[in-house]
Amino acid sequence: MGRALAASAALSALVTVCGCTAQGADGGHHLPVRIQLPGSSTTRSGGDGKSSAAPAPARAANVLWARGDSGMGVRELQARLRQVDWLFDGPTGTYDDLTEQAVAGFQGKRGLPKTGQTDRVTWQRLVGMTHEPGKWDLYLMGGQPAGAPDPRCLTGRVLCIDKTSRTLRWMIDGRTVSTMAVRFGAQYTPTRDGEFQVYWKARTWVSTLYHSPMPYAMFFSGGQAVHFSYDFSMRGYAGGSHGCVNVRDEAAISSLFAQVRTGDKVVVYK
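Residues numbered from 1 in each chain as written. Predicted model: local features only at pLDDT ≥ 70, side-chain atom pairs only at ≥ 80, totals over all residues. Heavy atoms only, no water.

Side note on the packing of aromatic side chains
All chains considered together, the criterion is met by 10 aromatic pairs. With a centroid separation of 5.2 Å and 25 degrees between ring planes, the pair formed by Trp-200 and Phe-219 is classed as stacked. Residue Trp-200 is located in strand β11 (residues 200–202), and its partner Phe-219 is located in strand β12 (residues 217–221); the two are separated by 19 residues in the primary sequence. With a relative accessible area of 5%, Phe-219 lands in the buried category. By the ring-pair criterion, three or more aromatic residues cluster together here, those being Tyr-199, Trp-200, Trp-205 and Phe-219. (Phe/Tyr/Trp six-rings, centres within 6.5 Å; stacked < 30°, edge-to-face > 60°. Helix = DSSP H or I, 4+ residues; strand = E, 2+ residues; numbered from the N terminus. Buried < 20%, exposed > 50% of the residue type's maximum accessible area, 1.4 Å probe, protein only.)

Here's what the structure looks like:
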């Protein structure tokens, strides 16, 4: 009986002294509470009220994001780090080793502890030095969600290309097989809107007009084609094409090229 009372008292003491640390589950600014009992695994309460065990490294209560986190908050952090030339990749939305190194460098330059974790002081200093990123700053290198497909894309085999969301869906009979970020023509060389067909494919091709490589080219309207772009891969939406639909993910377009047939439909819309 005495042992049971002692165990009960110990459990009550643990609950009383439990530590609460904040972490953005979705990378946003409204941070849920993580509760951890000393000597136990971390318990996180989800939006449905259920709890799940998930071991995580200890962090200070004022840390907003750290390595391993992901979400829109991390994407904004990376976009702002790019503005001050501390990060040159992404944004990806994942707090990886490059992001950790960039944060540590930013902190050290300003006399802050070089933890590599983004605490509130670091974040406020970075926000004060940068402007709010726009949509295409956040998705400079792709990763944006696709919009709803055009009704013309819901039957047959279709390259469904949305200029508004800057995405290409490869669809078969209304089912999305794959999705990838794409880039379009610049102001004076726009990509044509409309419904077309793939009339020719070329695994390796060099533009006869602009003398630029066009690997995995799938031509659908005159000289306009869907193809891999080295420039898009390196610079993202900082550049533009001469009218073609550029893809930056070489593995994705290699797979797409193998599946698409001559005669498949192409729908370009906004």
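Details of the environment of Arg-261
Within the element layout of this structure, Arg-261 appears in the loop between α7 (250–259) and β15 (265–269). For the pair Arg-261 and Gln-197, spaced 64 residues apart in sequence, the C-alpha to C-alpha distance is 9.7 Å. Apart from residues no more than four positions distant in its own chain, Arg-261 is found in contact with Arg-157 and Val-198. (Contact = heavy atoms within 4.5 Å.)

Details of the pairing of β12
Here β12 lies mainly inside the structure; 5 of its 5 residues are buried. Two strands pair when backbone bridges link them, and β11 and β12 are joined in this way by 3 bridges, in the antiparallel orientation. Note on β12: the bridge partner recorded for Ala-202 is Ala-217. Where β12 lies against strand β13 (residues 224–228), 3 bridges are found, and the strand directions are antiparallel. Bridged to Ser-221 within β13 is Gln-224. Taking the residues that link successive antiparallel strands as the turn, the β12-β13 hairpin has 2 residues, and the phi of Gly-222 there is positive, at about 60 degrees. (Pairing = 2+ DSSP bridges.)

Digging into the packing of helix α2 (residues 72–83) against helix α4 (residues 120–129)
Contact geometry of α2 with α4 gives a least axis separation of 10 Å together with a crossing angle of 55 degrees. Compared by their axis directions, α2 and α4 come out oblique. Between α2 and α4 lies a crossing whose hand is left-handed. Together, Glu-76, Leu-77, Arg-80 and Leu-81 of α2 and Trp-123, Leu-126 and Val-127 of α4 make up the contact between the two elements. (Axes fitted to C-alpha atoms, helices over the stretch in contact; angles between N-to-C directions. Parallel < 35°, antiparallel > 145°, perpendicular 65-115°, else oblique. Left-handed = near helix turned anticlockwise from the far one by under 90°.)

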